[in-house]
Amino acid sequence: MPCLICLPRYTAADRMTQVADIAMPRDRRTTARLAHFWLAGALVVISIISLAIGASGTSLWGALQKLVIGEPLTQMERIVLWDIRLPRVIMGICVGASLAVSGAVLQGLFRNPLADPGLVGVSAGAGLGAICAIVLGGFLPLWLRGALGFWLVPIAAFIGGWGTTMLLYRISTRRGRTSVATMLLAGIALAALAAAVSGILIYMADDAQLRDLTFWGLGSLAGATWQKVLVSAPVVILALGVAIGLGRGLNGLAFGEATAAHMGIPVQRVKNTAILTVAAATGAAVAVSGGIGFIGIVVPHLMRLATGPDHRPLLINVALLGASLLLIADMISRVIISPAELPIGIITAVLGSPVFLWILLRRRGLVDL
Amino acid sequence: MLTANIDRAWIGPKTILQDVSFRASAGQITAIVGPNGAGKSSLLKAITDEIDFEGEVRFNGDDAEQVRPWELAAIRGVLPQSTTLAFPFTVIEVVRMGLLSGHSGQQEHLPETALARVGLEGYSRRLYQELSGGEQQRVQLARVLCQVWTPVTQENNPRWLLLDEPVASLDIGHQLMVMRLLKDYTARGGGVVAVMHDLNLSAMFADHMVMVVQGGILSAGAPQDVMTDTVLSQAYGCSLRVNQAPVDNSSFLLPHVAAL
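Reading guide: rules and limits
Residues numbered from 1 in each chain as written. Chains lettered and ligands numbered in written order. Predicted model: local features only at pLDDT ≥ 70, side-chain atom pairs only at ≥ 80, totals over all residues. Helix = DSSP H or I, 4+ residues; strand = E, 2+ residues; numbered from the N terminus. Rg over C-alpha atoms; globule rule 2.2 N^0.38 Å. Buried ≥ 20, exposed ≤ 12 C-beta atoms within 10 Å, placed from the backbone. Contact = placed C-beta atoms within 7 Å. Core = buried A, V, L, I, M, F, W, Y, C linked by C-beta atoms within 7 Å. Expected span 1.5 Å × (residues − 1). pLDDT = per-residue confidence, 0-100. Nonpolar A, V, L, I, M, F, W, Y, C, P; charged D, E, K, R; others polar. Pairing = 2+ DSSP bridges. Axes fitted to C-alpha atoms, helices over the stretch in contact; angles between N-to-C directions. Parallel < 35°, antiparallel > 145°, perpendicular 65-115°, else oblique. Left-handed = near helix turned anticlockwise from the far one by under 90°.

(A) Highlighting the overall build of chain B. On a plain count of helices and strands, chain B comes out with nine helices and 12 strands. Here the C-alpha atoms of chain B give a radius of gyration of 18 Å, agreeing with the 18 Å that 2.2 N^0.38 yields for 260 residues. With the C-alpha coordinates of chain B rotated into their principal frame, the extents come out at 55 × 40 × 35 Å. The proportion of buried residues among the 260 residues of chain B is 48%. For chain B, long-range pairs separated by at least 24 residues make up 67% of all intrachain contacts whose partners lie at least 6 apart in sequence.

The following block contains the structure:
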């Protein structure tokens with residue numbers, strides 16, 4: 001007969017906790033921090049693969065071998081790897097990270113997982129800014145154009161995105177409460193307005209400007225140059241740095257503005273910083289790559305499912321995952337109908353819109369829209 | 001000491017409070033009572049600077065408007081009537097937010113202790129959104145407790161719990177549990193101001209009662225002074241009779257003996 005005293009004895013409370021332990025996920029803080037390393041590793045691997053494949057048969061490994069043994073690269077290799085693929089990969093990382101972080105910050109600001117720069121008109125506003133700069137830039141005084149140089153388009157995109165976000169927040173928030181229905185509908189209206197004004201400007205544009213404008217409609221990384229990288233990367237790095245500092249503030253905002261203030265969070269400052277960050281990150285992304293949708297909604301949602309909604313690890317993780325996913329989408333767009341290219345916006349929309357619908361359906365019963 | 005001298009408070013075009021002079025002492029539970037729509041919650045919201053008002057609010061002598069948000073958060077925790085969350089936080093994640101905002105520091109065990117004190121052991125990893133209203137309210141209370149865990153600051157100033165209907169959605173067992181917890185907080189030197197719906201619980205536990213009627217204070221003082229036939233009948237617009245409980249001599253009210 002087994003010794004009864006040796007058998008572990010549980011109280012009812014013990015059993016309850018045990019059941020809870022099995023049924024509930026483990027502490028998500030650790031998982032979220034571990035994810036930093038996994039995602040960073042994945043991004044490195046994906047970047048290398050992305051450098052290695054492409055329409056031309058140029059081999060990354062061959063070029064690297066030559067570099068190691070000190071043999072000079074062929075001109076083809078130098079152009080394909082250094083002038084075409086590398087800036088494209090870096091730009092993909094910048095754009096993917098900034099779109100994903102913009103989405104996460106916007107969702108935190110609006111306290112709703114359905115906010116996305118592409119959906120609520122922020123991208124359209126940034127696009128309008130960029131189009132204004134291209135078409136109307138000639139009317140600016142010469143000294144100003146000279147001073148701004150290549151920064152003219154990103155700055156205009158930033159101003160457009162900032163204006164739209166501000167307007168959207170003003171319209172949909174009353175007394176500290178954001179109405180989701182108003183936000184989505186106002187976003188549609190603002191996006192339509194921005195598109196209409198953009199249309200007028202495109203009508204006014206001359207042939208050379210039209211060529212510059214075309215790629216916005218497509219949304220693509222194909223136009224990547226070192227110049228664009230140099231223009232967008234600093235903005236993106238700055239915006240990402242600021243965004244990551246917003247984590248605590250956005251966590252507080254999830255409780256509503258009043259409660260956030262009671263927690264000691266300087267609410268107005270957090271909101272202003274969030275709006276500026278979204279505008280800067282979206283503006284930089286749109287200025288170099290046009291409107292690429294759904295990264296901003298899909299990436300934060302997947303990340304929240306995996307590691308929870310705490311914004312402090314979340315913002316770092318979405319930046320890494322956003323960069324990786326955009327690089328993957330870009331690879332698909334390059335090889336699927338090679339040697340031609342499918343615009344990347346099509347890929348992200350095909351992958352992203354079902355996820356968006358899925359979020360919508362899952363939340364239908366839980367939250368009033 | 002918490003003082004609020006509010007000349008006028010308003011929401012949109014509507015004046016909610018007029019000429020209210022409110023006082024609460026540390027070491028006491030101050031209950032704000034009154035009929036629906038009288039301005040109880042608005043009084044608390046004026047004290048916590050959630051609605052527009054003319055006047056001044058002082059915590060331990062300092063003008064609340066001059067104190068920076070994070071310094072204010074270190075001396076007073078605020079519990080709203082109900083809190084909905086935009087994202088799927090777990091219970092422990094919600095309670096930990098209190099740790100970050102107050103001066104309780106990074107005391108890892110504190111959230112668990114706070115949860116146990118509101119009767120929610122073993123709930124840490126449950127999703128907040130899936131809890132009942134009463135459970136959510138207790139989770140939020142645990143969060144606020146974490147924020148101002150020690151009732152007295154190092155400079156020997158009291159900390160404050162400002163609670164909007166902390167027990168309204170709770171069952172009787174948890175109502176008593178929470179009220180005793182508040183009593184204990186005041187016994188250790190802290191101050192509690194609570195908007196209360198239940199007159200009997202207020203009379204049992206409060207040291208000071210403030211009856212708000214039509215945007216002004218009708219009566220304030222010890223519970224036996226406020227819980228009188230005249231005050232209650234005037235406040236609630238029906239004839240009410242107050243009784244004394246034999247156990248602790250506190251006043252209580254039975255709806256059965258009300259005359260129309």
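After that view of the structure, there is still more to cover.
(B) View of the overall build of chain A. Tallying secondary structure elements over chain A gives 16 helices and two strands in all. Counting across all 369 residues of chain A, residues that qualify as buried make up 48%. In chain A, 81% of the contacts between residues at least 6 apart in sequence involve partners at least 24 apart.

(C) Fine view of the nonpolar core. Formed by 182 residues in total, the largest nonpolar core has its most connected members in Val-101 of chain A together with Ile-32 of chain B. Here this core takes 14 residues from helix 4 (residues 75-110) of chain A, the largest share from any one element. Ignoring any residue separated from it by four or fewer positions in sequence, one finds Ile-32 of chain B in contact with Lys-40, Leu-43, Leu-44, Val-193, Ala-194, Val-195, Met-196, Val-210 and Val-212 of chain B.

(D) Focus on helix 5 (residues 133-147) of chain B. Here helix 5 of chain B contains 15 residues, and its C-alpha end-to-end distance of 21 Å stays within 8% of the 21 Å for a straight helix at 1.5 Å per residue. Burial of helix 5 of chain B is extensive: 13 of the 15 residues sit out of reach of the surface.

(E) The confidence of the model for chain B, seen in detail. Mean pLDDT for chain B: 92, with 97% of residues reaching 70 or above. Complex prediction metrics read pTM 0.86 and ipTM 0.91.

(F) Fine view of the interface of chain B and chain A. Between chain B and chain A, the residue contacts involve 21 residues of the former and 25 residues of the latter. Sorting the residues of the side of chain B that touches chain A by element identifies helix 2 (69-75) and helix 3 (91-101) of chain B as the ones contributing at least two each. Partitioned by chemical class, the residues of the side of chain B that touches chain A number 13 nonpolar, four polar and four charged.

(G) Structural detail: the sheet that holds strand 4 (residues 52-59) of chain B. Residues and elements named next belong to chain B. Read across the sheet, four strands follow the order 2-1-4-5 without closing on themselves; strand pairing throughout is antiparallel. Pairing within the sheet leaves two strands with one partner each, and these edge strands are strand 2 (14-24) and strand 5 (62-63). Of the strand pairs in this sheet, strand 4 and strand 5 are connected by two bridges, and their pairing is antiparallel. Residue Arg-58 lies in a different strand from strand 5, and its bridge partner there is Asp-63. This element, helix 1 (residues 40-47), spans strand 1 (2-11), strand 2 and strand 4 of the sheet and lies at about 70° to strand 2.

(H) Seen up close, the confidence of the model for chain A. Mean pLDDT over chain A: 82, with 89% of residues reaching 70 or higher. Note on residues 1-24 of chain A: pLDDT is under 50 here. Beyond four places in sequence and across chains, it has eight contacts.

(I) Representation of the packing of helix 7 (residues 152-172) of chain A against helix 13 (residues 267-289) of chain A. Residue and element names in this part refer to chain A. One way to put it is that helix 7 packs onto helix 13 with a least axis distance of 7 Å and a crossing angle of 140°. One way to sum up the angle between helix 7 and helix 13 is to call them oblique. The handedness of the crossing between helix 7 and helix 13 is right-handed. Where helix 7 abuts helix 13, its residues Val-153, Pro-154, Ala-157, Phe-158, Gly-160, Gly-161, Trp-162, Thr-165, Met-166 and Tyr-169 lie against Ile-275, Leu-276, Val-278, Ala-279, Ala-280, Thr-282, Gly-283, Ala-284, Val-286 and Ala-287. Its residues assigned to classes, the contact of helix 7 with helix 13 comprises 15 nonpolar, five polar and no charged.

(J) Broad picture of the packing of helix 5 (residues 122-136) of chain A against helix 13 of chain A. All names here are of chain A. Across the interface, helix 5 lies against helix 13 with an axial gap of 9 Å and an inter-helix angle of 60°. Overall, the two elements helix 5 and helix 13 adopt an arrangement that is oblique. In the packing of helix 5 onto helix 13, the handedness of the crossing is right-handed. For the pair helix 5 and helix 13, the contacting residues are Val-122, Ser-123, Ala-126, Gly-127, Gly-129 and Ala-130 in the first and Val-278, Thr-282, Gly-283, Val-286 and Ala-287 in the second. Split into classes, the residues belonging to the contact of helix 5 with helix 13 amount to six nonpolar, five polar and no charged.

(K) Local environment of the sheet that holds strand 6 (residues 76-79) of chain B. All names here are of chain B. Reading across from one edge, 6-7-8-3-9-10 is the order of the six strands in this open sheet, with mixed pairing throughout. Only two strands of the sheet have a single neighbouring strand rather than two, namely strand 6 and strand 10 (216-221). Strand-to-strand twist of the sheet, defined as the mean angle between neighbouring strand axes without regard to direction, takes the value 15°.

(L) Quick look at the environment of Leu-361 of chain A. Mapped onto the fold, Leu-361 of chain A is located in helix 16 (residues 344-363). In this structure the C-alpha to C-alpha distance between Leu-361 of chain A and Ala-104 of chain A, which are 257 residues apart in sequence, comes to 20 Å.

(M) Geometry of helix 10 (residues 226-245) of chain A. All names here are of chain A. Across its 20 residues, helix 10 extends 29 Å between first and last C-alpha, which sits within 8% of the 28 Å expected from 1.5 Å per residue. Lys-228, Val-229, Val-231, Ser-232, Val-235, Val-236, Ala-239, Leu-240 and Ala-243 are the residues of helix 10 that are buried. Buried-residue contacts for helix 10 involve helix 4, helix 7, helix 13 and helix 15 (311-335).

(N) Layout of the pairing of strand 2 of chain B. All names here are of chain B. As defined by bridge partners, strand 1 adjoins strand 2 across nine bridges and the pair is classed as antiparallel. Paired with Leu-2 across the bridge in strand 2 is Ala-24. Between strand 1 and strand 2, which pair antiparallel in sequence order, lie two residues; one of them, Gly-12, sits at a positive phi of approximately 60°.

(O) Up close: the pairing of strand 1 of chain B. Alignment of strand 1 of chain B against strand 4 of chain B, held across eight bridges, turns out to be antiparallel. Each residue of the ladder has a partner; that of Leu-2 of chain B, found in strand 4 of chain B, is Phe-59 of chain B.

(P) Region of interest: the environment of Ile-75 of chain B. With respect to the secondary-structure elements, Ile-75 of chain B resides in helix 2. It is 26 Å that separates the C-alpha atoms of Ile-75 of chain B and Thr-90 of chain B, two residues lying 15 residues apart in sequence.

(Q) Quick look at the environment of Thr-113 of chain B. All names here are of chain B. Topologically, Thr-113 is positioned in helix 4 (residues 110-117). Its 15 C-beta neighbours within 10 Å are what place Thr-113 among the partly exposed residues. Separated by 29 residues in sequence, Thr-113 and Ala-142 have C-alpha atoms that sit 8.8 Å apart.

(R) Fine view of unusual backbone geometry. Its identity is not glycine, yet Phe-294 of chain A carries a phi of approximately 75°, on the positive side. With respect to the helices, strands and loops of the structure, Phe-294 of chain A is situated in the loop between helix 13 and helix 14 (295-307). Here the phi dihedral of Glu-165 of chain B falls at roughly 50°; this positive angle occurs in a residue that is not glycine. Mapping Glu-165 of chain B onto the fold places it in the loop between strand 7 (160-164) and helix 6 (172-187).

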